[in-house]
Each structure stands twice: as structure tokens, then as C-alpha cells.
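Structural overview for review
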2 protein chains.
Amino acid sequence: MAKQTVGIPRGTRDFMPHEMIKRNYIFHIIKSTFEQFGFMPIETPSMENLSTLMGKYGEEGDRLLFKVLNSGDFTQNTDFTASPNKIAAAICEKGLRYDLTVPFARFVVQHRNELSFPFKRYQVQPVWRADRPQKGRYREFYQCDADVIGSDSLLNEVELILLIDSVFQKLDLSVNILINNRKILSGIAQYIGCEDKITDITVAIDKMDKIGLEKVNEELKSKNISQEAIEKLQPVICLEGNNMEKLEKLSDILIHSQTGMKGIEECREILSYFNDIHIQNQIHLDLTLARGLNYYTGTIFEVKSTQLPMGSITGGGRYDNLTGIFGLDNMSGVGISFGIERIFDIWSELHADEQPADGGTQILFINFGNKEERYALHAAMQLRALNIKAEVYPENVKIGKQIKYADSKQIPYVIMAGEEEMKAGKYLLKNMLTRNQTLVNFEDIKPIVEQ
Amino acid sequence: MAKQTVGIPRGTRDFMPHEMIKRNYIFHIIKSTFEQFGFMPIETPSMENLSTLMGKYGEEGDRLLFKVLNSGDFTQNTDFTASPNKIAAAICEKGLRYDLTVPFARFVVQHRNELSFPFKRYQVQPVWRADRPQKGRYREFYQCDADVIGSDSLLNEVELILLIDSVFQKLDLSVNILINNRKILSGIAQYIGCEDKITDITVAIDKMDKIGLEKVNEELKSKNISQEAIEKLQPVICLEGNNMEKLEKLSDILIHSQTGMKGIEECREILSYFNDIHIQNQIHLDLTLARGLNYYTGTIFEVKSTQLPMGSITGGGRYDNLTGIFGLDNMSGVGISFGIERIFDIWSELHADEQPADGGTQILFINFGNKEERYALHAAMQLRALNIKAEVYPENVKIGKQIKYADSKQIPYVIMAGEEEMKAGKYLLKNMLTRNQTLVNFEDIKPIVEQ
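Observations concerning the sheet that holds strand 16 (residues 437-440) of chain A
All names here are of chain A.
- Pairing in this open sheet of 5 strands is mixed, and the strands run 13-12-14-15-16 from one edge to the other. Each having just a single partner strand, strand 13 (390-392) and strand 16 make up the two edges of the open sheet. Each neighbouring strand pair of the sheet contributes to a mean axis angle of 25°, computed without reference to strand direction.
- Two elements, strand 12 (residues 363-365) and strand 13, share 3 bridges in a ladder whose sense is parallel. Bridge assignment links Ile363 to a residue of strand 13, and that residue is Ala390.
- On top of the sheet, helix 14 (residues 370-385) reaches strand 12, strand 13 and strand 15 (427-431); it is set at about 165° to strand 13, its chief contact.
- Relative to strand 12, helix 15 (residues 399-408) is tilted by about 165°, and along the sheet it contacts strand 12, strand 13, strand 14 (413-416) and strand 15.

Now the structure itself:
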């Protein structure tokens, strides 16, 4: 066979060991926090039937689904003179999942008789989108979702805020937790007399922090929102004060909107829990927060770093009828999704020199030849049984080369045990940072390495 | 939108929480053992260019690759009157990975200047094969591989055997570790005068334990191996005795085959390490062990359960030129792959009643209403900070329903704290197994739950 050039598809990535160690550290914090809050792991297949996925993400979403060619003879009975969409539908039954939310809804409906509700699940798996690749946007990336489904209690929202706070505390990242409520947004649309244009309004005001008030107003105008309505909207979305003050003013404005007042009430209730529960990060009521996904019906969340300018790094909200499309009505749920790729970027930048505690190999045994190698292997096996990560360099090559290997793998300790050490039953332990060497007994190794 | 039936593609699976807990437990043991032995994690993309995958797994393998339809207008410049294979090549540039080995070879070649050799990596990711689904055979399943590349030292083989032993010890599964050497198989083919038929011979004798000697001989005959050669082969593959006795006899037989003698020498060397290193599971030299993949060139391994009849649950071997096809020659490596799906099946059957220690929620707080809920939430938050998995039932519904929820989630403890307990600053802790209740202080909860 001819030799060939190597590469990977555009928008995909290889992860090197030093990246994986950091990623695993972040995944571990998120997963273990999910479990501390009672969420249980599930997994769904990478491929779903296209009938499950199509039509759930809008026209743009359908276009961005990766479709998998039917195996066997896909050309049979296919009319290749049809439109590309029709051909694709004929030759592809399956697609790669686009997010974890639709598969989760499908999962809940399919297994509803095996699950006990409220069902709290978390799911950490890759998703695929045929988006144009650019900096920070990939065609394969992980999502980390937690949802409670089958309970409309606001305690679930409170728990998710506590969970968000806990995760970012553990990651030593400072964030703002923004909340709003879709019912408040509906109330505002009612108040300005544009109830039918709620989607256009939310899409526009959601861009406030990116494009500013003036451009938002231009966009509203372009969507045929009247000048009068736009003017009526201004003081509402520009309300100032702390959360309770904002809600106070808002309840005067939305007094005639039952939906709006319900939204305010929900916000008040959620925030009231934090009067006597201390969290580290701040919660801000942000009336411009809308979130694009139109299955949200109540509280919506978004999290932003206070340390680095970057978009939303976590988001979520309550939905009242996610499973309706699959035939199961009246299942209210609320969920969040950690934007792991952005969190990884922020964490890496702010903790550039930090190596997660649970990193790579802790000790390398230098290989001095066949007899010494066996002495080293014995010690390595005993250390591994004590949960120390130890390796023996597999070849008896120049010591400089072996030391270089330890350095390149950032192994903090090296043990040199030659004939003399073997005779004495000792180990020459070298600290690779200070370059100091000490002759030690086996029992001394673990405490030194772990200190 | 119309409601629709739900389901997932044939040969794929949803994993429920109770399965995930067991799977994660097994994955954790394998991954942490890999790390104890100095292997570092990497990940590669789910999609590879089809040019990377095609032609690496034989004709059958090419057929079993899942191909991903090009995004955008895939019909442009496509000649739909061509053969299905040609059409597929025109409309699909990418495919889902079929195993972790070829992507690893591609990874090593692509990143050779960033890696330090010997490079020890592990990789745990799903792979996809368009195989006909049947019991125990899925179209999406995980592989767990560890490889050392860039070292031909036999110490690597020894370390992999130690690693295999360590993993199955921790899983409390008893196995036989079978080893053989491709060079010995070559020597045997030379000895019977069929050097050119080595593949046919190895494929046939590999089936010995499944179909028996007679059928093996029939297959050899059908491949035009002469009666004389078959007769000469019998005593060799039926050699009896312990490992050293077999090698002794074999070295008399293969005395004129340089390659065969080299294989014997390698086996001896590897086995010699285990004269003074104790492992729990037994190593058996199995001269019928061949392993289908023809990139193996030296030692080959296979692991079988001694407790349940099932095929190979782990396998691997040494390869001398895996990266050659991608333009990097002279990289010897050795690796193993844990058959996680079969290991999961065996473990589940033998440990049916066992719940991994690191399972689900440990305490459920019963919800008695708004005030009590906040008392519970405070305690739950404090317990989580102590690394106890605690949840508060989100709704104030009948206690029976809440207890049923705890039972269905197999939560071992429930806390009931109503007005009286709140006044006294106490918690009524119920053991869900014994159904006993005790009134305790906060400090008592953790020790009781963890005992």
C-alpha cells in the first residue's frame, strides 16, 4: 500500500496527554458534583434515528446534522434525480446526535416505565455539528448536562444554582450566575403590546451585552416592532438596582400581566432561598437574558466568567413539554449544561502552571540492566499496590536519555538503583525539581513522593 | 408536529443509571491501573478521514465502516450512475472509527515531534462497526486500549501481563493469561514446509478450542495444506506439559528455524520474570493461539475467564510496523485491549448482587414543606461538602411516595426532619434496609452513612 499523508477531519481534535489530564480533572469535578446532588449517569447512542433528530433544532439545525450512510447497498431503490435533501433522506436513516437534550427526551419517553420520577440524570458525551469550524468552535465537542424531569418544584432551580456555584468554587473560577424567567419576558411582550412578536423580541434583547442598546433597537425596528413599543421597552430592560429592587419595580410595570407576575413570583421564591444559604458566586437577575432555545418556559440560567471576557460558559432553564413531541405530555423539567470546552479554555488560561493533583506518573525507575530492572520492577509493583503511579524505563539505555524522558513526561521523582543500592536494599531517590538525591528505604518512598 | 414512535438504531444501546454505575466502576479500575503503570490518556476524534481507515481492516472491514455523508451539497459533481462503492467514496469523506489501533497509529505519526518515546498511551472510547447485530455484538461499543510504542524491550510485555493480572485481581475475576509468539508460529510453518501458508495455518489452528482438532485439520486440508504437513503439525500444536517443558520440546523441533528459535527465546525471557514475581492468575503458553490481526509480529496475548465460558476478554500483542503505512517505519510497539463489554457481562453475572461502593445517592431528605425543606437543604449542602451524596426530595408530597422513590433508587438512608426535629436541631435517620430509625445530631450522620 502506498504511504499516505496523515490528518484528521476539519473541526475535530486529537487530545494529548497533558490536555487529557486537565480535561479529566474538570470532568471529574463536574461529574462528582452531579452525583453529590443526586444526579445519576446515563448514556445514549452516538447515532440516533434521523426521525428522532430532524425538525428539533430548526432548519439551520437540520442542515448541521451529520448523517450516516446506510450500510449495505444504499443505492437500491434510490431516486438520484431527486433533490439533495430527498436523496439524503433515502440513503441515510441515522445521524450523529446534535446535543444531549433531544436524545434525553427520547430516552425518557422510551423508558418511562422503567424510570422513577422525578428522574435526575446527568450525561457527559460528545455531540457533533457540521458547523463551519473556527477558533473555539468544533465539529465534535463534549456536553455535560444535568436535568431533573417530572417535578415542577422551584427547589430544583435552587439546587441547580447551588450545583453551579459548587462546581465553579471547586474549579477555583469566579463567575456571575445570571437568571431570568421566560414568563417575565412574555409579560414584557404583553406590556408593550407585542405578544405575538415574543420570539423576535427575545432574540433581539438577548444580544444586548454583545451589540448594545442602540443596535438592539435597530433590530427590533427591522422586525416591525413599533417605535412606541420600543420606547415602552427601554425602561424595562434597563431597570437598575439589586435583584429585589428590580423585581419590585417590575411588578409595578407588569401588574396587568398574569404570566409576567407569575414569573416575578417564581424569581422571588428562588432568590429567597439565598437569603440564608451562602454561596460564593453572585446571582444577578438579568432581564435581557433570553436564551435562544424556544423550549424554555420558566426560569432560565446563564453563567459568565468574571475573570475573562468570554460568552456563556453554562446555561439552562425550565421546559414544560420537552417530551411532548415524543408523545409524553405534562413532564416539566429543568436542566443545565456546562460548556466544558470554554470552561477548559478559561481554566487552562487562569491555571496555566497548575498540574492537577491526579496527574501522570509519579516515579520513574531508571533501567540499569537486566538484574537491576527486576529489582526496580519489584519496587514498582509494591508502589502501585500503594496507589503510587510508577514506571520502569523499559530499556537499558544511557541514563541521560532516561532522565530526559522523565523531564518530558514531567515525572517528579526518579529512582536510581544499581548494584550497590540493591546490595543494601536501598533506593537513590532524585527530586527532579530540586535535582537533590537521597538514599532511602522502600518505606520512605511513598511519604516523600506524596508530600 | 406529529407525535412519533421512539427507538434507537439497531445494535445500539441506552445505558440506564444502574448499568452506568457498574460500567463506570469497571472503567475506573482499568483506567486507574493503566495510570499506575505509567500509561497516559489520549483521545482521537470519532470521525477519521476515510483515507485513514480504508484498506486497514481487510475487505470485510471496509464494508463494516460507517461512512458519514459530506455536509453541504454532496450531490455536486457526483456521478450517480457509478458503482455503490464509487458513489460512497464521492459523497463521504469521513467515517466513524472502527477500532482505536489505526487512529493511534495515525496519531503517533502525526504528532511524532511532540511525543517522547517510548510513548505509553491509553485510550477508552467507543468504536462503531456496521456488523449484523446479535447477542453480545453491538454496532457501538467501547474499547480500552493501552500501548507502548517505540521500545522493543520485552519488559513491556512483562508489564502488560502484570497489568492484566492487576486489573482482573481488582475486579475479583479469575482468568487464564494465554501467550504465544508469532515467530514461533512462523517457525512451525517453516518446520512443516508451508512457510507461504502461514496465514491459512494460523487462522485454522486459532479455532482449535472452538471447533476441535478434527475440524482444524479439515480446514487445513481445504487450504491445500498437504497431508504430510498436517501430520507433521499435529504433535507440535498438541504439545503437553508446563510452559517450560513445552518450550524445551519445541526448541528441539524448531532447531533449524532461526525465527522460531527467536520466538522461543522471547517467550522464555518473558516467563522468567515470573519465577520471582508472584501474580494471581496463571500464564499458559498456548501454541494454538494465533490472533487474527496480521500486524502482530512477536508476542501475542489473550485472556479467558476461568469462571464462565466466554471467548477472549482481553487480547493484544507486539507489532513491528504499525505506523509504517502512515510513513513512519521502525516503530516497534506492544499493546493490549480490554474487551470491556464482555468483562461487563461476566462481572455483572458473577457480582449480580453487588453494588459498587461508589454508587448513587446515599441520603434522601424527605420534604415536609417549605420551612422543613430549607432545614433539609442546609444539611444536604453540608453533607455534600463532606463528600456525601445527598438529595432533597423536591416536592412536598405524601411520605409514602417519597420513600418509594428512595427504594427505587436504592438509596440506603432517608432523613425525616419535621418541626420537632428542627426545634431540637436533630435528624431522624432511617436505615432503608433494616427500616430502623434513630434520632441523631448532624455530626453523627456521616459516620453512620459511611460505615
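Points about the state of the cysteines
Residue and element names in this part refer to chain A.
- Within this structure, the stated rule accounts for 0 disulfides over all chains.
- For the unlinked cysteine Cys238, the closest cysteine sulfur is that of Cys194, found at 16 Å.
- There is no disulfide at Cys267, and the cysteine sulfur nearest it, in Cys238, is 18 Å away.
- Its relative accessible area of 1% is what places Cys267 among the buried residues.

Side note on the relation of the copies chain B and chain A
- When chain B is fitted to chain A, the best match, at an RMSD of 0.0 Å, comes from turning it 180° and sliding it 0.0 Å along the axis. These values place the two chain copies in the arrangement generated by a two-fold rotation axis. Taking C-alpha positions as reference, the residue of chain B nearest the rotation axis is B:Val68, located at 2.2 Å.
- When the interface residues of chain B are mapped onto chain A, 100% of them are again interface residues, pointing to one common binding face.

Overview of the domain arrangement of chain A
- As assigned here, chain A comprises domain 1 (35-41 + 105-350) and domain 2 (363-450).
- Relative to domain 2 of chain A, the C-alpha centre of domain 1 of chain A lies at a distance of 52 Å.

Points about the pairing of strand 8 (residues 282-285) of chain B
Residue and element names in this part refer to chain B.
- Burial of the side chains of strand 8 is restricted to one face: Ile283 and Leu285 are buried, whereas none of Gln282 and His284 on the reverse face is.
- Judged from the 4 bridges that link them, strand 7 (residues 175-181) and strand 8 form a sheet pairing that is parallel. Residue pairing for strand 8: Asn176 is matched across the bridge by Gln282.

Here we look at unusual backbone geometry
- Looking along the chain, the bond that leaves A:Phe117 and enters A:Pro118 is cis, with omega of -5°.
- Relative to the elements of secondary structure, A:Pro118 occurs in the loop between helix 5 (101-110) and strand 5 (119-128).
- At B:Asn77, a position not held by glycine, the phi torsion is positive, near 60°.
- With respect to the helices, strands and loops of the structure, B:Asn77 is situated in the loop between strand 3 (67-68) and helix 4 (84-91).
- At B:Asn387, a position not held by glycine, the phi torsion is positive, near 70°.
- As for its placement among the helices and strands, B:Asn387 is situated in the loop between helix 14 (370-385) and strand 13 (390-392).
- By relative accessible area, which is 53% here, B:Asn387 ends up exposed.

Quick notes on the packing of aromatic side chains
- All chains considered together, the criterion is met by 29 aromatic pairs over all chains.
- Seen in terms of ring centroids, A:Phe34 and A:Tyr122 are 5.2 Å apart; in terms of plane orientation they differ by 35°. Their pairing is tilted. Pair noted here: A:Phe34 is in helix 1 (residues 17-36) and A:Tyr122 is in strand 5, with a separation of 88 residues, a long-range link.
- Of the residues examined, A:Tyr122 reaches a relative accessible area of 4% and is grouped as buried.
- An aromatic cluster is built from A:Phe34, A:Phe39, A:Tyr122, A:Phe168 and A:Phe338, whose rings are joined through pairwise contacts.
- If you follow B:Arg374 out to its NZ or CZ, it ends over the ring of A:Tyr273, 3.8 Å from the centre.

What counts and how
- Residues numbered from 1 in each chain as written.
- Chains lettered and ligands numbered in written order.
- Predicted model: local features only at pLDDT ≥ 70, side-chain atom pairs only at ≥ 80, totals over all residues.
- Heavy atoms only, no water.
- Pairing = 2+ DSSP bridges.
- Helix = DSSP H or I, 4+ residues; strand = E, 2+ residues; numbered from the N terminus.
- Axes fitted to C-alpha atoms, helices over the stretch in contact; angles between N-to-C directions.
- Contact = heavy atoms within 4.5 Å.
- Disulfide = S-S within 2.5 Å.
- Buried < 20%, exposed > 50% of the residue type's maximum accessible area, 1.4 Å probe, protein only.
- Least-squares fit on C-alpha atoms with pLDDT ≥ 70 in both.
- Domains from an automatic or database assignment.
- Phe/Tyr/Trp six-rings, centres within 6.5 Å; stacked < 30°, edge-to-face > 60°.
- Lys NZ or Arg CZ within 6 Å of the ring centre and 35° of its normal.

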